[in-house]
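# Descriptive structure summary
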Amino acid sequence: KNAAGFRRFRRAYVEVAKGNGKSPLAAGIGHYMLSALGKVRAEVYSAATDRDQAEILFRDAVSMWERSRALGRRLVQSGDKKITQLANINPTTLRPDGFFRAISSDKKGKSGIRPYCALVDEVHEHPDNSVIEMLRAGTKGNQEALIFEITNSGFDKKSVCGQEHDYAVEVASGIVDNDAWFSFVACVDDDDEPFDDEACWIKANPNLFVSIQPAFIREQVQEARGMPSKEGLVRRLHFCQWTGSDSSAIPRAIWTACQKAVDVDDLTARGVPCYGGLDLSRTRDLTAFTLTWLLDARKDAWRFASRTWFWSPKDTLVNRGKIDRAPYDVWAEQGHIEAVPGSRVSYRWVANALAGLVARYAPLQIGCDQ
């Protein structure tokens, strides 16, 4: 309980690798909230972006009900061809009082729900925070309500899941003080390489040797080694590593090994050939100019070094950062992008900037979009 005598944790974020029992855990909590606390007309929801995903967790709850005599005495099912709802039987009136059902963002009329417990599945698949905020708004008048989120890692830190992950880590680390938020994030450490070291697997898989076996993860790792496009998926699902994209053509280890400091002025002074690429924009996007120095062009090994300059309208930097969920203003302060005065990138500004860079680095050719 908190200082006011209500439930301490009203939000919970659980991030753990696939196959470690997240859905059964959430289903069990849903049953507890529905039938063990004596809440009148308790509404418990399994929530997701679409109905099929929401029903995965709900089916776990139904399986528990089918196998438990105690739950069988407390809950009754409804639905024709399949079970769509479990209702709690009030021991005094012997009538249904409260329910457990699946709900998704595509359900009409969902704004009037008042969840006592909302179990939000696979947060990394949510395109925005509409489902979570809709459920959260429904708990406004109930200080005992619980929003319980489960997920594995994703590939976009600007997404709703990425923001929830970062906040959960800050709460768990003590950086943020929020006594109403419960965090459990199971993942390998930043300096771990799970493709080479099986000893770190337990960090992201607390149910290793129980509900998930090492042999299965080994198979996934072996396939990812042979198919770079699968590497990001394996890292997200089995080791809870956040990746930079959904899939990749270049393995992460190779890409990381290429990130080194380079003196492009020295390359130019030594006469290393240089080529440019220009991507223009006006108001919404970034204007980008990349120069690439060809270090070696042997048949079996191309080596090159690149540097990119970014320009973006200064007047819209903060607002666009909110829309795109990207800290453009911070990047500008850190010197990663240049904020161009005004509400759009002037082509005159770009031309002047290019003239200076061309004079300094003398690219042999520049390619650009139409």
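Above this note sits the structure.
Notes on the structure follow. All values reported here derive from a predicted model rather than from experimental measurement.

Taking strand neighbours across the sheet as the criterion, the eight strands line up as E3-E4-E5-E2-E6-E7-E1-E8 in an open arrangement whose pairing is mixed. Every other strand in the sheet has two partners, leaving strand E3 (75-78) and strand E8 (181-185) as the edge strands with one partner each. Geometrically, the sheet is characterised by an average inter-axis angle of 15° between neighbouring strands, direction not taken into account. Helix H2 (residues 51-67) rests against strand E2 (43-48), E3, strand E4 (85-89), strand E5 (96-104), strand E6 (117-120) and strand E7 (146-151) of the sheet, and its axis sits at about 145° to E5.

Further remarks concern the side chain of Thr139. Mapping Thr139 onto the fold places it in the loop between helix H4 (130-138) and E7. A polar side-chain atom of Thr139 sits 2.7 Å from the main-chain carbonyl oxygen of Arg136. Here Thr139 is in contact with Arg10, Pro115, Ala145 and Ile147, once residues within four sequence places are set aside.

Attention shifts here to unusual backbone geometry. Phi is positive for Arg41, which is not a glycine, with a value near 55°. Relative to the assigned elements, Arg41 resides in the loop between helix H1 (22-35) and E2. A relative accessible area of 60% means that Arg41 is categorised as exposed. One non-glycine residue with positive phi stands out, namely Ala362, at about 50°. Within the element layout of this structure, Ala362 appears in the loop between helix H13 (347-361) and strand E13 (365-368).

So, about the packing of H1 against H2. At a minimum axis separation of 8 Å, H1 and H2 run at an interaxial angle of 65°. In terms of crossing hand, the pair formed by H1 and H2 is right-handed. Every residue of H2 that contacts H1 at Ser23, Pro24, Ala26, Ala27, Gly28 and His31 is listed here: Leu57, Asp60, Ala61, Met64 and Trp65. Residues of the contact of H1 with H2, tallied by class, amount to seven nonpolar, three polar and one charged.

The full count for this structure, using the stated rule, is ten aromatic pairs. Pairing Phe9 with Phe182 gives two aromatic rings, centres 5.4 Å apart and planes at 70°, and the pair type is edge-to-face. Residue Phe9 is located in the segment before strand E1 (11-15), and its partner Phe182 is located in strand E8; the two are separated by 173 residues in the primary sequence. The class for Phe9 is partly exposed, based on a relative accessible area of 28%. Residue classification places Phe182 among the partly exposed residues on the basis of a relative accessible area of 33%. With a centroid separation of 5.7 Å and 70° between ring planes, the pair formed by Tyr328 and Trp331 is classed as edge-to-face. Here Tyr328 pairs with Trp331, and both are found in helix H12 (residues 328-333), just three residues apart, close to one helical turn. Taking relative accessible area as the criterion, Tyr328 reaches 9% and is therefore assigned buried. A residue is classified by how much of its surface remains accessible, and Trp331, at 31% relative accessible area, is partly exposed. Here a set of aromatic residues connected by ring pairs shows up, and it is made of Phe289, Trp293, Trp309 and Tyr361.

With that settled, consider the side chain of Glu43. Among the secondary structure elements, Glu43 is positioned in strand E2. Side chain to side chain, Glu43 and Tyr45 meet in a polar contact 2.7 Å long. Look past the residues within four positions of Glu43 in its chain and what remains in contact with it is Phe99, Ile113, Arg114, Pro115, Tyr116 and Cys117.

This next bit is on a nonpolar patch on the surface. Taken together, the side chains of Ile250, Ile254 and Trp255 make up a nonpolar region of the molecular surface, amounting to roughly 320 Å² of accessible area. Positionally, Trp255 belongs in helix H9 (residues 252-257).

Let us look at the pattern of salt bridges. Throughout the structure, instances matching the rule amount to 17 salt bridges. Residue Lys230 is joined to Glu223 by a salt bridge in which the shortest nitrogen-to-oxygen separation is 2.2 Å. Judged by its relative accessible area of 18%, Lys230 falls in the buried class. When its relative accessible area of 35% is taken as the criterion, Glu223 is described as partly exposed. Close ionic contact of Arg235 with Glu231 constitutes a salt bridge, the shortest N to O distance being 2.8 Å. One end of the pair is Arg235 and the other is Glu231, both in helix H8 (residues 228-239) and four residues apart, which spans about a single turn. Here Glu231 falls in the buried class, since its relative accessible area comes to 5%.

The rules behind these values
Residues numbered from 1 in each chain as written. Predicted model: local features only at pLDDT ≥ 70, side-chain atom pairs only at ≥ 80, totals over all residues. Heavy atoms only, no water. Pairing = 2+ DSSP bridges. Helix = DSSP H or I, 4+ residues; strand = E, 2+ residues; numbered from the N terminus. Axes fitted to C-alpha atoms, helices over the stretch in contact; angles between N-to-C directions. Contact = heavy atoms within 4.5 Å. Polar contact = N/O pair within 3.5 Å; in protein donor to acceptor, adjacent residues only side chain to side chain. Buried < 20%, exposed > 50% of the residue type's maximum accessible area, 1.4 Å probe, protein only. Left-handed = near helix turned anticlockwise from the far one by under 90°. Nonpolar A, V, L, I, M, F, W, Y, C, P; charged D, E, K, R; others polar. Phe/Tyr/Trp six-rings, centres within 6.5 Å; stacked < 30°, edge-to-face > 60°. Patch = residues over 30% accessible without salt bridge, like charges linked within 9 Å, V, L, I, M, F, W, Y side chains within 5 Å. Areas by Shrake-Rupley, 256 points an atom, 1.4 Å probe, with all protein chains shown as cover. Salt bridge = Lys/Arg side-chain N within 4 Å of Asp/Glu carboxyl O.

Shape is all these values report; function is a separate question.
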